Amino acid sequence: MHPLDVVDRYVHDWIEYLSNPDEKSVDYTGPRCPFAKKVRDDNRLKLVKVYDYFSAYDYWEVVTRECENFDESHDVVIVAAKSDANIINPDQMSGAVDGLNTFLNCQGRDLWLLLKMDQLFTIVMIQKITALDDTSKQLADKGYYTTRYSDAQMEKVVNGRRKYREKLNEKT
C-alpha cells in the first residue's frame, strides 16, 4: 500500500474539519469555511496524486502542468505527494509557492497557490485568485480571520493576495 492511497480520506477529513465547528478543538475554535465542503460535494475538486516523487522537480512539474491546464471544470485542484523533508521541506515549500504566485501574477494568470504541509502530505491547492479573493472578503466579514491569523499572517496571506489580485485586474 502506498501512502498516497489514503490521501482521498485525508482530504475528505480535512474538508470536514474546515467545514464543521468543533467546540472541543484545541487547534482552532473560530468560524469555519463554508466553501470547502460545497466544492467537494459539487464535484468541483480535482485531486492529483504525485506517486513518482524522487526530487522537488518531480513535484513542481506536476504543479506546473496543473497550472497550465487549469480550466473551468474545477474550482480547486489539489496536488498531493507524501511528505519528505529531504525532498521538499517547509521553507522550500513556502518559498516555491510564493515564487510561483509572483510568476503567475506577472504572467497575468488568474491563479493562486495555497499550501498545506504536515508530516503526512505535501499539498498545493490551485484556485483562481479572483474567486479566492471574493470568498476571502465574505469570510473576513464573518470574522473568519480574526482568531485564525496574526497581523503578520493576515498581511501576507490575505492582504498580500488581494494586492496581487488588484495587479491582475490592472493588466486586464
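Since the model is a prediction, treat every value here as computed from it, not as a measurement.

1. Brief notes about unusual backbone geometry
Part 1: Phi at Asn 43 takes a positive value of approximately 60°, unusual for a residue other than glycine.
Part 2: By the element assignment, Asn 43 lies in the loop between helix H2 (36-41) and strand E1 (45-49).

2. Quick notes on the packing of helix H5 (residues 129-141) against helix H6 (residues 151-171)
Part 1: Axis separation between H5 and H6 bottoms out at 10 Å; the angle between their running directions is 135°. Compared by their axis directions, H5 and H6 come out oblique. Here H5 runs over H6; the crossing is left-handed. Counted together, Ile 129, Thr 130, Leu 132, Asp 133, Asp 134, Ser 136 and Lys 137 of H5 and Val 158, Arg 161, Arg 162, Tyr 164, Arg 165 and Leu 168 of H6 form the full contact between these two elements.
Part 2: Its residues assigned to classes, the contact of H5 with H6 comprises five nonpolar, two polar and six charged.

3. Observations concerning the layout of surface pockets
A water-sized probe rolled over the atoms picks out the places where empty space is left.
Part 1: Considered as a void within the structure, the largest pocket measures approximately 1,600 Å³ in volume.
Part 2: Considering the residues around the largest pocket, the lining is formed by 48 residues, among which Leu 114, Met 125, Gln 127, Leu 132 and Tyr 149 are closest to the centre.
Part 3: Sorting the residues of the lining of the largest pocket by element identifies helix H1 (7-19), H2, strand E2 (76-82), helix H4 (90-106), strand E3 (112-117), strand E4 (121-127), H5 and H6 as the ones contributing at least two each.
Part 4: Tallied by class, the residues present in the lining of the largest pocket amount to 27 nonpolar, nine polar and twelve charged.

4. Some points on the environment of Asp 71
Part 1: Within the secondary structure, Asp 71 is located in the loop between helix H3 (56-69) and E2.
Part 2: Through-space distance from the C-alpha of Asp 71 to that of Thr 146 is 32 Å; in sequence the pair is 75 residues apart.
Part 3: A polar contact of 2.4 Å, which involves the side chain of Asp 71, links it to the side chain of Ser 73.

5. Looking at the side chain of Arg 40
Part 1: Structurally, Arg 40 can be placed in helix H2.
Part 2: Within the structure, the side chain of Arg 40 is placed 3.0 Å from the side chain of His 12, a separation counted as a polar contact.
Part 3: If we skip the residues at most four places from it in the chain, Arg 40 touches His 12, Ile 15, Glu 16 and Leu 45.

6. Examining the state of the cysteines
Part 1: Tallying each qualifying case throughout the model produces zero disulfides.
Part 2: The thiol of Cys 106 is unpaired, and the distance to the nearest cysteine sulfur, on Cys 67, comes to 14 Å.
Part 3: You can call Cys 106 exposed: its relative accessible area is 54%.

Criteria and cut-off values
- Residues numbered from 1 in each chain as written.
- Predicted model: local features only at pLDDT ≥ 70, side-chain atom pairs only at ≥ 80, totals over all residues.
- Heavy atoms only, no water.
- Helix = DSSP H or I, 4+ residues; strand = E, 2+ residues; numbered from the N terminus.
- Axes fitted to C-alpha atoms, helices over the stretch in contact; angles between N-to-C directions.
- Parallel < 35°, antiparallel > 145°, perpendicular 65-115°, else oblique.
- Left-handed = near helix turned anticlockwise from the far one by under 90°.
- Contact = heavy atoms within 4.5 Å.
- Nonpolar A, V, L, I, M, F, W, Y, C, P; charged D, E, K, R; others polar.
- 1 Å grid on protein atoms, 1.4 Å probe; cavity = no way out; pocket = protein on both sides within 12 Å on 5 of 7 lines; lining within 4 Å.
- Points joined across faces, edges and corners; volume = space filled by probe spheres on them.
- Polar contact = N/O pair within 3.5 Å; in protein donor to acceptor, adjacent residues only side chain to side chain.
- Disulfide = S-S within 2.5 Å.
- Buried < 20%, exposed > 50% of the residue type's maximum accessible area, 1.4 Å probe, protein only.

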